[in-house]
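Coordinate inspection notes
If you want the building blocks of each chain, they are given just below.
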Amino acid sequence: FTGWHYKFVPGTFAECMEWLQSGQIDLVGGLARIPEREGILAYPRHNCGYAGPRLVTEIGNQQYAFDDVSAFNHIRAGLLDSANLQERWADYAAYSGFTPRTFLYATQTVQQQALQEHEVDALLLNGMRSLHQMRILAQLPKQEVFFVTTPDKLWIRDGLDRALAQMEFFDNRF
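1. Things to note about unusual backbone geometry
- Although it is not a glycine, H74 sits at a positive phi angle of roughly 70 degrees.
- With respect to the helices and strands, the residue H74 is situated in the loop between strand 3 (54–58) and strand 4 (76–80).
- The partly exposed category is assigned to H74, whose relative accessible area is 47%.
- Phi at H118 is positive, roughly 60 degrees, even though this residue is not glycine.
- As for its position among the elements, H118 is in the loop between helix 3 (108–116) and strand 6 (122–125).

Written out as structure tokens, the structure is:
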């Protein structure tokens, strides 16, 4: 729909954001619109889908059942140090009536290591992360996610908007 050629560049969230800001890449996908990112990112009007954080544990951990929020009271949950993730986790816990113990981690690697070393019982992962060898305990409410670029590349944002609008028009399930 854009007529562009794409090259996928794998990286962590932090790496991708750094590369985007330095101009090494032009586009990052799967980002929620949050106040901290307004002004430093250019969001199209149209989203590219919906994603929500998932509470996961190691595949062999049978202490918790899917969506059994009554068992989540005092669960030790490892989160990336993200204001959006922390707020969504706190809202989910309050709504569901449990009080978790939350531990914050600077990187996905350190977060994963905390689970493997049993410092935490579960991890809250954003919707785009791999779940290899993980068991889902809960799916938090989803929110819109977007492809984003930087404010100096509005032609990319505008091209995405046109393409996403066309995709929605031709397939209303998009």
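From this point, the discussion proceeds with the structure in view.
2. Concerning the pattern of salt bridges
- A full pass over the atoms with the stated rule returns 5 salt bridges.
- Among the salt bridges present, the one from E38 reaches R33, with a minimum N-O distance of 3.2 Å.
- What makes R33 partly exposed here is its relative accessible area of 40%.

3. Description of the pairing of strand 4
- Most of strand 4 sits out of view: 5 of its 5 residues are buried.
- Of the two faces of strand 4, the one holding R76, G78 and L80 and the one holding A77 and L79 are both buried throughout.
- Here 5 bridges tie strand 4 to strand 5 (residues 101–105), and the two strands are oriented parallel to one another. Across the sheet, G78 pairs through a bridge with F103, a residue of strand 5.
- Chirality of the crossover, the property in question, places the unit of strand 4, helix 2 (residues 83–96) and strand 5 among those that are right-handed.

4. Let's talk about the packing of aromatic side chains
- Scanning all chains against the criterion turns up 10 aromatic pairs.
- On the basis of an interplanar angle of 90 degrees and a centroid distance of 5.5 Å, the ring pair of Y43 and F146 is categorised as edge-to-face. Note that Y43 is positioned in the loop between strand 1 (28–32) and strand 2 (49–51) and F146 in strand 8 (residues 143–148), a separation of 103 residues in sequence.
- Members of the aromatic cluster, connected to one another through ring pairs, are Y64, F72, W89, Y92 and F98.
- One Lys or Arg, R33, reaches over the ring of F146 and ends 4.9 Å from the middle of that ring.

What counts, and at which threshold
- Residues numbered from 1 in each chain as written.
- Predicted model: local features only at pLDDT ≥ 70, side-chain atom pairs only at ≥ 80, totals over all residues.
- Heavy atoms only, no water.
- Helix = DSSP H or I, 4+ residues; strand = E, 2+ residues; numbered from the N terminus.
- Buried < 20%, exposed > 50% of the residue type's maximum accessible area, 1.4 Å probe, protein only.
- Salt bridge = Lys/Arg side-chain N within 4 Å of Asp/Glu carboxyl O.
- Pairing = 2+ DSSP bridges.
- Right-handed = clockwise from strand over helix to strand, strands pointing away.
- Phe/Tyr/Trp six-rings, centres within 6.5 Å; stacked < 30°, edge-to-face > 60°.
- Lys NZ or Arg CZ within 6 Å of the ring centre and 35° of its normal.

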